[in-house]
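Each chain, letter by letter, is given below.
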Amino acid sequence: MSENLLDIKNLTVYYYRDGKPIKAVNDLSFSLGKGETLGLVGETGAGKTTTAKAILKLVPEPQGKYESGEILLDGKDVLKMSKGQLRRMRGHDVAMIFQDPMTSLNPVLTVGEQIAEVVRLHSKVSRAEATKKAQEMLEMVGISGSRYTAYPHEFSGGMKQRVVIAIALACNPRLLIADEPTTALDVTIQAQVLELIKDLKDKFNTSMLLITHDLGIVAEVCDKVAVIYAGEIVESGTAEDIFDRGTHPYTEGLFNCLPRLDSEEGERLNPIKGLAPDPMNLPAGCAFHPRCPYATDACRQSNPKPVEIEPGHFVKCHVRGIGKEDA
Amino acid sequence: MAPLLEVKGLKKYFKTGSGLLHAVDDVSFSIEKGTTLGIVGESGCGKSTLGRVILHLLEPTDGQIFFEGRDITRVNKKELHELRKDMQIIFQDPYSSINPRMTVKEIIEEPLIIHNMYKSADERRHRVQELMDTVGLARRLGNAYPHELDGGRRQRIGVARALSLNPKFIVCDEPVSALDVSIQAQIINLLQDLQRELGLTYIFITHDLSVVRHISNEIGVMYLGQMVEKTNARELFKNQLHPYTKALLSAIPVPDIHNKSKRIILRGEISTPIDPADECRFSVRCNHACEQCRKGQPQLVEAEPNHFVACKRWQELKGRMEADAPMEV
């Protein structure tokens, strides 16, 4: 356990509206080893981004509340850190790349200043050294150091995302959280940015939590995968476990509803029936049961616990969680 | 049989402070009745502008548009009003394309009122209910406001509204891009069912290549306002003749961990469409560009039967590109 960089245990985060809880994250646990890349996959509203924000203790308070659980970063609970500790941790130990590069940069500062700012906050260096470091970072993400004095609006979306990556990696964080880092980009630019993230991650042996709804990107980048539904991890394991032996009915549904590149003419897609549940009003029992084609009475009554069906491969399902052969 | 829609040398230029922006530049194609033409390309390649020019939401700068054999390039207000019954559009963003202050029923009913389709309000209401059934919206939602509904249901309103006048032709401008995969699959199935039942013809504009392959009969690939390759959907995924198409298809992340096909990473980004030079517009990013690519623009030619490509070097590259990047799709 000590070799895990990040251990999230039974995390529950609610938002409150008019005194009623919106159950964004429910009893969620996963861990991430050093140098590993974990893909957190799920649809809109599944609690992906709330989980990411919780790791940095950035869930907006007081409307958001950490109900229970712990987030251990190198054995230290993030949720119990003081403001000073948090400030040192954010950007230094854990860095985040947000989805939208257009809004995550400051429009009135040059890109160089924004990179140098992080460097100066976290290490005792002179202004000149920070500038030099910022230029190096720009070069590293494939932008000429001479563009240090450019403003974000002078860059295209792909370039801005490179700047955001440079800021995130400026202090050699041990954990990089990438929240849909390429969703706002075109495919050819997405390919460039993914390639860059992979290279840099290997170079610095950074662990990464990649949040996405795109299973293609997960297949490309991740070693481990966790599938999140209604704020719970419903299945987790290595990429092989999920892609070759995906077991949870929701995982199965996600794969089935993708248009395949080798489909036949006139083939129909198999959407998961119904809609994702309202987190203000989660169904009793297993949250997926109203949409699940295999639901039984047990599923309607009690919420299943995660079961280890093969080493490291967990499934939270009454039907599929037992012997894989019956599935 | 004459095609339902035919476009010849269509151009749309916009004046900007720094020059003339060539959003759509000399695009020609035709669509048979009951089929789907997919238009793919990256942001800023002119695919949405193309859809809008065809529907006269934007006026073309040059070129001709034929609908059912009739030249509709220049139409007056009255003709345009009539044309709207035949040609409709489904927009990308179901959040901003419907009026938040109207109920679901009112939104779907509005085109019927504008076009005075029914004599009595009862008949009209009946038609609204029929449309809601067609697109799978529960009747109880008739009095709901758009903010009460999720993205998938809102997009169903957009589909119902587009269908209300019994059009023959619909431009689907990224209709599923804002939706989650499970909802996306529902809307794609709906569009395909409607096409079969009502004999609709679609232009399906998207940047999602797996979606476009699934839904289209033919696919046109656009780059900086021009059509660079066009052929049958399956043929395009088997045999790409244009280096841009090849790179674009290789960049799609495939949800399969065993298929680590080689990606072609393109240099740089899409260049500016303002006053482009007289050269192949892809040449600055192309791994195979040479002297001749920088002199004059390539024409879209029929390289193989029903397979059009705009690249001067397609013949020499054909064997070569296959050799360096075998695609397994």
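Since this is a predicted model, take the numbers as computed values, not measurements.

What counts as what
Residues numbered from 1 in each chain as written. Chains lettered and ligands numbered in written order. Predicted model: local features only at pLDDT ≥ 70, side-chain atom pairs only at ≥ 80, totals over all residues. Heavy atoms only, no water. 1 Å grid on protein atoms, 1.4 Å probe; cavity = no way out; pocket = protein on both sides within 12 Å on 5 of 7 lines; lining within 4 Å. Points joined across faces, edges and corners; volume = space filled by probe spheres on them. Nonpolar A, V, L, I, M, F, W, Y, C, P; charged D, E, K, R; others polar. Axes fitted to C-alpha atoms, helices over the stretch in contact; angles between N-to-C directions. Helix = DSSP H or I, 4+ residues; strand = E, 2+ residues; numbered from the N terminus. Parallel < 35°, antiparallel > 145°, perpendicular 65-115°, else oblique. Left-handed = near helix turned anticlockwise from the far one by under 90°. Contact = heavy atoms within 4.5 Å. Salt bridge = Lys/Arg side-chain N within 4 Å of Asp/Glu carboxyl O. Buried < 20%, exposed > 50% of the residue type's maximum accessible area, 1.4 Å probe, protein only. Pairing = 2+ DSSP bridges. Domains from an automatic or database assignment. Buried area = accessible area lost by both parts, 1.4 Å probe. Polar contact = N/O pair within 3.5 Å; in protein donor to acceptor, adjacent residues only side chain to side chain.

1. A few points about empty space enclosed by the protein
All names here are of chain B. Evaluated as defined, the whole model comprises six cavities of 30 Å³ or more. Roughly 80 Å³ of internal volume is contained in the second largest cavity. In terms of lining residues, the second largest cavity is bounded by 13 residues, among which Pro243, Cys280, Cys286, Cys293 and Cys311 are the most central. When grouped by side-chain class, the residues that make up the lining of the second largest cavity number nine nonpolar, two polar and two charged.

2. Details of the packing of helix α4 (residues 111–122) of chain A against helix α6 (residues 157–169) of chain A
Residue and element names in this part refer to chain A. Two elements in contact, α4 and α6, have axes whose closest approach is 8 Å; the angle formed by their N-to-C orientations is 20 degrees. One element, α4, and the other, α6, form an angle in the roughly parallel class. Helix-helix and strand crossings are classified by hand; for α4 and α6 the assignment is right-handed. Contact residues: α4 offers Val111, Gln114, Ile115 and Val118, while α6 offers Val163, Ala166 and Ile167. Considering only residue class, the contact of α4 with α6 consists of six nonpolar, one polar and no charged.

3. Side note on the pattern of salt bridges
Enumeration according to the criterion identifies 28 salt bridges over all chains in this entry. For aspartate 193 of chain B, the salt bridge identified is with arginine 268 of chain A, shortest N-O distance 2.4 Å. Residue aspartate 193 of chain B is found in helix α6 (residues 181–198), and its partner arginine 268 of chain A is found in the loop between α10 (249–256) and α11 (297–301); the two belong to separate chains. By relative accessible area, arginine 268 of chain A is classed as partly exposed at 40%. In this structure, aspartate 297 of chain A engages arginine 300 of chain A in a salt bridge whose closest nitrogen and oxygen atoms are separated by 3.5 Å. Note that aspartate 297 of chain A and arginine 300 of chain A are positioned in helix α11 at a spacing of three residues, about one turn of the helix.

4. Quick look at the sheet that holds strand β2 (residues 20–33) of chain A
Residues and elements named next belong to chain A. Read across the open sheet, the four strands follow the order β2-β1-β4-β5; overall the sheet is antiparallel. Whereas interior strands pair on both sides, the edge strands pair on one side only; in this sheet they are β2 and β5 (76–77). Sheet analysis places strand β4 (residues 64–73) next to β5, joined by two bridges and oriented antiparallel. By the bridge assignment for β5, leucine 72 is matched with aspartate 77. Relative to strand β1 (residues 4–17), helix α1 (residues 48–55) is tilted by about 115 degrees, and along the sheet it contacts β1, β2 and β4.

5. Observations concerning the pairing of β2 of chain A
Relative to β2 of chain A, β1 of chain A runs antiparallel, the two sharing ten bridges. Looking at β2 of chain A, one finds that arginine 17 of chain A is bridged to lysine 20 of chain A.

6. Looking at the domain arrangement of chain B
All names here are of chain B. When cut into domains, chain B gives domain 1 (5–221) and domain 2 (241–323). Just the C-alpha atoms count here: the centres of domain 1 and domain 2 sit 29 Å apart. Taken together, the contact pairs twelve residues of domain 1 with 13 residues of domain 2. Contact between domain 1 and domain 2 buries roughly 1200 Å² in total, counting both sides, with carbon and sulfur atoms accounting for 57%. Together, Glu42, Leu209 and Val221 form the three largest contributors to the area buried by domain 1 at its contact with domain 2, with a combined 40%. In this structure, the connection of domain 1 to domain 2 is made through two salt bridges. A salt bridge links glutamate 42 to arginine 285; the nearest nitrogen and oxygen atoms lie 3.8 Å apart. For the interface between domain 1 and domain 2, the tally reads five residue pairs in polar contact (both at pLDDT 80 or more). Sorting the residues of the side of domain 1 that touches domain 2 by element identifies β2 (19–31) and β9 (218–223) as the ones contributing at least two each. When the residues that make up the side of domain 1 that touches domain 2 are grouped by side-chain class, the tally is four nonpolar, five polar and three charged.

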